[in-house]
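Residue-level structure breakdown
Here is how the chains run, residue by residue.
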Amino acid sequence: MPDPYAPRLVSTGRMLTVRGLSLHVRSWGPPEAPPLVLLHGSRDASATFQFVVDALAGRWRVLAPDWRGHGLSDRAPGGYWWQDYLADLDALLDALAPGEPVRLVGHSLGGNMALLFAGVRPGRVARLVSLDGFGLPERRAEEAPAHLARWFDAARRPADPVVYPSLPALAARLAAANPRLGTPRALFLAGHLGRRMPEGGWTWAFDPAHRRPFATLYRFAEAAACWRRVRAPTLFLASGAPFPPALADEPGGVEARIALVPGAVCERLAGTGHNLHHDAPEAVARRLDAFLA
């Protein structure tokens, strides 16, 4: 088996107490450089930006937190609400870049949180990039009873971890989900996305409670109200195929959503999947360097 991917830039980590939880923040680059904050996606972790960080021009102090219940951050005993991610980000930025507008980049869930935050706190964001984050498909109010019933049922069941016999087995699961990844990168990611079990085997580092649905329905009208308030120059950097696919069936598709953000532009990276920062890290890094400078 080949060796894991070897990072060009080695990160350091620290723990910050945020809203009663200990959250892990990974950083790369010189402390005096302008801060660039990277927000990972659901069931992911900060280390998965390593390939992009290695390809950046080196002009940034890159800061990437692990969301609550992800990576090396504490788990939330009471479960997860997406609003908590926003409140955590608000507090984290006060600690990491007090009083300074930041360049904010998020992938998927992280991109959606970045867009919402930039609308709620427009003065805190200097430039904004959403990597394949266009919000979720709209939900109708009539779906609420059935959705709440599913949430009730999920909350009753224990959130059991999925266990793999070894780290290479977990890496193989990642490679099977994304054939573009390759074994060295899959092994590197597995080492950060996985956690060794005390009784043997490996499981995912994220809290398995993240497999439960959020209690509330996704109402895009609320997100749209935030997006319209974004004042930072904004780039939607998208994968080669629309994500999530259901957005293509909405009136106007993702283009109608992009148009809600004043002055936003969108570019697609052909030949990439949803994890475009894994599939084409050099191309993503070049676009980030150009847009964020």
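For the structure given in this document, a descriptive report is provided here. (Residues numbered from 1 in each chain as written. Predicted model: local features only at pLDDT ≥ 70, side-chain atom pairs only at ≥ 80, totals over all residues. Heavy atoms only, no water.)

1. Some thoughts on the pattern of salt bridges
This model, assessed by the stated rule, comprises 13 salt bridges. Of the charged contacts in the structure, one is a salt bridge between Asp94 and Arg124, with a shortest N-O distance of 3.7 Å. Of the two residues, Asp94 is situated in helix 2 (residues 82-96) and Arg124 in the loop between helix 3 (109-120) and strand 6 (125-131); the sequence distance between them amounts to 30 residues. Judged by relative accessible area, which is 45%, Asp94 ranks as partly exposed. It is possible to trace a salt-bridge network through shared partners that takes in Arg19, Arg68, Asp84 and Asp88. (Salt bridge = Lys/Arg side-chain N within 4 Å of Asp/Glu carboxyl O. Helix = DSSP H or I, 4+ residues; strand = E, 2+ residues; numbered from the N terminus. Buried < 20%, exposed > 50% of the residue type's maximum accessible area, 1.4 Å probe, protein only.)

2. Some thoughts on helix 10 (residues 281-292)
Look at helix 10: 16 Å from first C-alpha to last across 12 residues, which is about the 16 Å you get at 1.5 Å a residue. Listed as buried for helix 10 are Pro281, Val284, Ala285, Leu288, Asp289, Phe291 and Leu292. (Expected span 1.5 Å × (residues − 1).)

3. Here's the deal with the packing of helix 5 (residues 167-177) against helix 6 (residues 183-193)
Closest axis-to-axis distance for the helix 5/helix 6 pair is 8 Å, and the angle between their directions is 115 degrees. Judged by the inter-axis angle, helix 5 sits roughly perpendicular to helix 6. The handedness of the crossing between helix 5 and helix 6 is right-handed. Counting all contacts with helix 5, which are made through Leu167, Pro168, Leu170, Ala171, Leu174 and Ala175, the residues of helix 6 involved are Ala186, Leu187, Leu189, Ala190, Gly191 and Leu193. In terms of residue class, the contact of helix 5 with helix 6 is made up of 11 nonpolar, 1 polar and no charged. (Axes fitted to C-alpha atoms, helices over the stretch in contact; angles between N-to-C directions. Parallel < 35°, antiparallel > 145°, perpendicular 65-115°, else oblique. Left-handed = near helix turned anticlockwise from the far one by under 90°. Contact = heavy atoms within 4.5 Å. Nonpolar A, V, L, I, M, F, W, Y, C, P; charged D, E, K, R; others polar.)

4. Notes on the sheet that holds strand 9 (residues 202-204)
Strand order in the open sheet formed by 3 strands is 7-9-8, and the pairing between neighbours is antiparallel. In this open sheet, the two edge strands, each paired with only one partner strand, are strand 7 (163-164) and strand 8 (194-196). Note: strand 7 against strand 9, 2 bridges, orientation antiparallel. Paired with Tyr164 across the two strands is Trp202, which belongs to strand 9. Against the sheet, helix 5 contacts strand 7, strand 8 and strand 9, and its axis sits at roughly 35 degrees relative to strand 9. Across the sheet, helix 6 lies against strand 8 and strand 9, angled at about 60 degrees from strand 8, the strand it touches most. (Pairing = 2+ DSSP bridges.)

5. As for the nonpolar core
Counting residues in each nonpolar core, the largest one holds 46 residues, and the members touching the most others are Leu104, Leu128, Trp227 and Phe236. Excluding residues within four positions of it along the chain, Leu104 makes contact with Val37, Leu39, Leu89, Ala114, Phe117, Val125, Arg127, Leu128 and Val129. The next biggest cluster of nonpolar side chains, apart from the first, holds 22 residues, and it includes Trp28, Leu36, Leu269 and Phe291. (Core = buried A, V, L, I, M, F, W, Y, C linked by side-chain atoms within 4.5 Å.)

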